[in-house]
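The residues making up each chain are set out below.
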Amino acid sequence: TVTDAISVSKVNVYNAGSLIGSATINPDHTWTLTTALADGNYNQLSVTATDIAGTKASASTSQYVLVDTTAPTVNSQSESNPGLTQSTTEIITVNASDANGVQSVAIYNDVTHQPVGDAVLSNGVWTYTASGLADGTYKYYAVVTDKAGNQTTTADLTTVTVDTTRPTVISQSESVSGPTQLTTD
């Protein structure tokens, strides 16, 4: 809010002494600045109000704004049992980075596009364990979210086919039966 006995004619907003923009002064003595900000840390914000006589007043704040429009980077991803497997457990590992930090990694079912769970961060790597998988086909991908809410969707991981069913022997036959001198079947 800005007030003056005469009238405030201008409000300028600065970061570390550099002009960010000139604000619009509203009839209720509030001011609004709408401007596109480049990625970065705006931690030395100050305002200078000028009345129509040219008198200036300044104020600053310890609040800061961090602008981050860059999505996180997926450095690598892997799974423990790609392809055909007897294992009913699949471990998905995602290595991702972001200048301001990765907030979460969610694992999704590629067929339904529904989340199946959240990976856990340990030693710089995000890991999700899908256990108790029934026989069938599974395909996953991850959505990596940084602290500003920017997201990166990974490529699909290799299809995993769980097959724990033993083969069934339907019949057993021999090509040679009874006494013989034949040495091969």
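What you see is a predicted model; the values in this text were computed from it and never measured.

Residues and numbers for the overall build of the chain, please.
Secondary structure summary: the chain contains zero helices and 18 strands in total. In terms of C-alpha radius of gyration, the chain reaches 32 Å, well past the compact-globule figure of 16 Å for 185 residues. By principal-axis analysis of the C-alpha atoms, the chain measures approximately 125 × 30 × 20 Å. Within the chain, the fraction of its 185 residues that count as buried is 28%. Of all intrachain contacts in the chain linking residues separated by at least 6 positions in sequence, the fraction that spans at least 24 positions is 57%.

Break down the pairing of strand β5 (residues 45-51) for me, citing the residues and quoting the values.
Residues in a regular strand point their side chains to alternate faces of the sheet. In terms of burial, β5 is a largely internal element, six of the seven residues being buried. Two elements, β5 and strand β6 (residues 56-60), share five bridges in a ladder whose sense is antiparallel. For T50, the partnering residue across the bridge sits in β6 and is K56. The hairpin formed by β5 and β6 contains four residues between the paired strands, and G54 there has a positive phi angle of roughly 95°.

Mind laying out the sheet that holds strand β8 (residues 73-79), listing which residues take part and the relevant values?
Spatially, β8-β10-β14-β13 is the arrangement adopted by the four strands of the open sheet, whose pairing is antiparallel. In this open sheet, the two edge strands, each paired with only one partner strand, are β8 and β13 (120-122). Neighbour-to-neighbour, the strand axes of this sheet turn through a mean angle of 25°, independent of strand direction.

Any chance you could break down the environment of L121 for me, citing the residues and the numbers?
Assignment of secondary structure puts L121 in strand β13. Since its relative accessible area comes to 47%, L121 is described here as partly exposed. A sequence separation of 71 residues divides L121 from T50, and the C-alpha atoms of the two residues are 51 Å apart.

Provide a residue-level description of unusual backbone geometry, including the pertinent values.
You will see that H29, though not glycine, has its phi angle at about 75°, which is positive. Along the chain, H29 falls in the loop between β2 (18-25) and β3 (31-32). Here H113, not a glycine, exhibits a phi torsion of approximately 60°, which is positive. Along the chain, H113 turns up in the loop between β11 (102-109) and β12 (115-118).

Please set out the packing of aromatic side chains residue by residue, giving values where relevant.
Under the counting rule described, the total for this entry stands at one aromatic pair. Relative to Y141, the ring of Y108 has its centre 5.4 Å away and its plane inclined at 10°; by these criteria the two rings are stacked. In this pair, Y108 sits in strand β11 while Y141 sits in strand β16 (residues 140-146), placing the two residues 33 residues apart along the sequence. The exposure class of Y141 is buried, given its relative accessible area of 11%.

Could you give me a rundown of the environment of T85, with the residues and numbers involved?
Of note, T85 is situated in strand β9 (residues 83-85). In sequence terms T85 and V160 are 75 residues apart; their C-alpha atoms lie 7.2 Å from each other. Ignoring sequence-local partners within four residues, the contact set of T85 consists of V160, T161, V162 and D163.

Definitions and cut-offs
- Residues numbered from 1 in each chain as written.
- Predicted model: local features only at pLDDT ≥ 70, side-chain atom pairs only at ≥ 80, totals over all residues.
- Heavy atoms only, no water.
- Helix = DSSP H or I, 4+ residues; strand = E, 2+ residues; numbered from the N terminus.
- Rg over C-alpha atoms; globule rule 2.2 N^0.38 Å.
- Buried < 20%, exposed > 50% of the residue type's maximum accessible area, 1.4 Å probe, protein only.
- Contact = heavy atoms within 4.5 Å.
- Pairing = 2+ DSSP bridges.
- Axes fitted to C-alpha atoms, helices over the stretch in contact; angles between N-to-C directions.
- Phe/Tyr/Trp six-rings, centres within 6.5 Å; stacked < 30°, edge-to-face > 60°.

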